[in-house]
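# Coordinates in review
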Amino acid sequence: MHNDHITTSIPEFIPEIQRNLGRCQSKLAQLGNPRNTLREQRDCMVALASEISRFSTDAIEGIYHNLPVDISARIRGNVQKSLESFRDRMAEDFGGFPQTIPHLLTSRDEHTWRDSILAVPILQSIHEVIRDNRGREFTGEINPHVPRVLWSSYTDPWAARGVELIDEILESLLDSIETLVQEATQDEELQNSTMSWLCNELLTVTTEAANEELARLHDYEENMWSLVPRHDHLRISLYDDAVNEMATSPVGFSGLSPDVATTVQSVQWKNHIKLWLSNNPDVDGVLQTLNHLKAYYEIASEYNSPSMLICSALKADNALCF
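Definitions and limits used
Residues numbered from 1 in each chain as written. Predicted model: local features only at pLDDT ≥ 70, side-chain atom pairs only at ≥ 80, totals over all residues. Heavy atoms only, no water. Helix = DSSP H or I, 4+ residues; strand = E, 2+ residues; numbered from the N terminus. Contact = heavy atoms within 4.5 Å. Salt bridge = Lys/Arg side-chain N within 4 Å of Asp/Glu carboxyl O. Axes fitted to C-alpha atoms, helices over the stretch in contact; angles between N-to-C directions. Parallel < 35°, antiparallel > 145°, perpendicular 65-115°, else oblique. Left-handed = near helix turned anticlockwise from the far one by under 90°. Patch = residues over 30% accessible without salt bridge, like charges linked within 9 Å, V, L, I, M, F, W, Y side chains within 5 Å. Areas by Shrake-Rupley, 256 points an atom, 1.4 Å probe, with all protein chains shown as cover. Buried < 20%, exposed > 50% of the residue type's maximum accessible area, 1.4 Å probe, protein only. Core = buried A, V, L, I, M, F, W, Y, C linked by side-chain atoms within 4.5 Å.

## Thoughts on the overall build of the protein
A count of helical and extended segments in the protein gives 13 helices and 0 strands. If you list the helices and strands of the protein from N to C, you get α-α-α-α-α-α-α-α-α-α-α-α-α. Counting only contacts in the protein whose residues sit at least 6 apart along the sequence, the fraction spanning at least 24 positions is 75%.

Next comes the structure, spelled out in structure tokens:
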């Protein structure tokens, strides 16, 4: 009876045994070739490195059709998203300088012009910084360090925003690395070892490089140094725009009565404003300083985008490739 029972039960176990054997063979196949010898271990690492390098290259270049469907694998898209968020936060913190300041002159009476111009908040703050930083310059001149003092006050929050960007991108990279490593090998031991090496060692070095680049960039921005030829041209153009704005304000040439307008040319009115500014160098210096800051900001935004430099400092491709 015992033998008969076993004989009857065996056929029922065969399908289950075959299923379990199939699962074991599948898992064994996923582990790849044996890694008992040094050569086999080296071949395994080369194959793993090639897979991760291929995945990471596509992820960085924005070629996603061969990657896992997990959104974390799309490194380039995630970095772009972080940079856009960084740009929006920077714009919210500091939207730049006003293109023009309307109604600088509230009367045709020259005696009111000083108070009228210096009543504008940004011009008033610049005037205060100029007075607080008087040095060995002659009367009517401006301490050459004033623009840098002003620029530093505007850019102080930028370093903190840059650190936030680096942290955000690094967190995204950690998720990306984990996803790509899991796709490259099913061996949990290899996954853990690879993640440990990439994240704890290589990514640490990359993080330090990014923070050093951020510090260098912030120090560079504080110097307000530019050899871009367009800088001086732009600064002069902005100054002329300010004079034109005063000349075409309601109290300027456009505000004169028709009979007076027929005898007074707009060019003469602009020259009259420039003459007054030359006789009031402290007020003229405030306008010149603002235009210096505006010109540098526009040039720096175009040629030295913080987002671009911080992103390049991360060197994400080096962090993901063996």
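Back to the text.
## Quick word on the pattern of salt bridges
Counted according to the given criterion, the structure contains 10 salt bridges. For the salt bridge of Asp232 with Arg235, the shortest nitrogen-to-oxygen distance reads 3.4 Å. In this pair, Asp232 and Arg235 are both assigned in helix H8 (residues 230–247), 3 residues apart and thus about one turn of the helix distant. Each of Arg89, Arg161, Glu164 and Glu168 takes part in a single network of salt bridges with overlapping partners.

## Observations regarding the packing of helix H3 (residues 75–93) against helix H6 (residues 146–184)
Direction vectors running N to C along H3 and H6 enclose 165°, while the axes themselves pass 10 Å from each other. Here H6 runs roughly antiparallel to H3, going by the angle between their axes. Crossing geometry of H3 relative to H6 is assigned as right-handed. On the side of H3, the interface is formed by Ile75, Asn78, Val79, Ser82, Leu83, Ser85, Phe86, Arg89, Met90 and Asp93, while H6 contributes Trp158, Arg161, Gly162, Glu164, Leu165, Glu168, Ile169, Ser172, Leu173, Ser176 and Leu180.

## Considerations on a nonpolar patch on the surface
Taken together, Ile6, Ile10 and Ile14 make up a surface patch of nonpolar side chains, about 240 Å² in accessible area. Along the chain, the position of Ile14 falls in helix H1 (residues 2–30). Owing to a relative accessible area of 40%, Ile14 belongs among the partly exposed residues under this scheme.

## Re the nonpolar core
Soluble globular proteins: nonpolar side chains tend toward being buried together. Residues Ile122, Leu123, Met246, Ile273 and Leu277 are the most contacted members of the largest nonpolar core, which totals 64 residues. Top element by residues in this core is H6. It accounts for 14 residues. Apart from residues no more than four positions distant in its own chain, Ile122 is found in contact with Phe97, Pro98, Ile101, Tyr154 and Leu290.

## So, the side chain of Asn291
Topologically, Asn291 is positioned in helix H11 (residues 281–303). By relative accessible area, Asn291 is classed as buried at 3%. Those residues in contact with Asn291, other than ones at most four positions away along the chain, are Arg235, Leu238 and Tyr239.

## Considerations on the environment of Leu105
Mapping Leu105 onto the fold places it in the loop between H3 and helix H4 (113–118). Once the C-alpha coordinates of Leu105 and Thr248 are considered, the two residues, 143 residues apart in sequence, prove to be 9.9 Å apart.

Keep in mind these numbers describe shape, not what the thing actually does.
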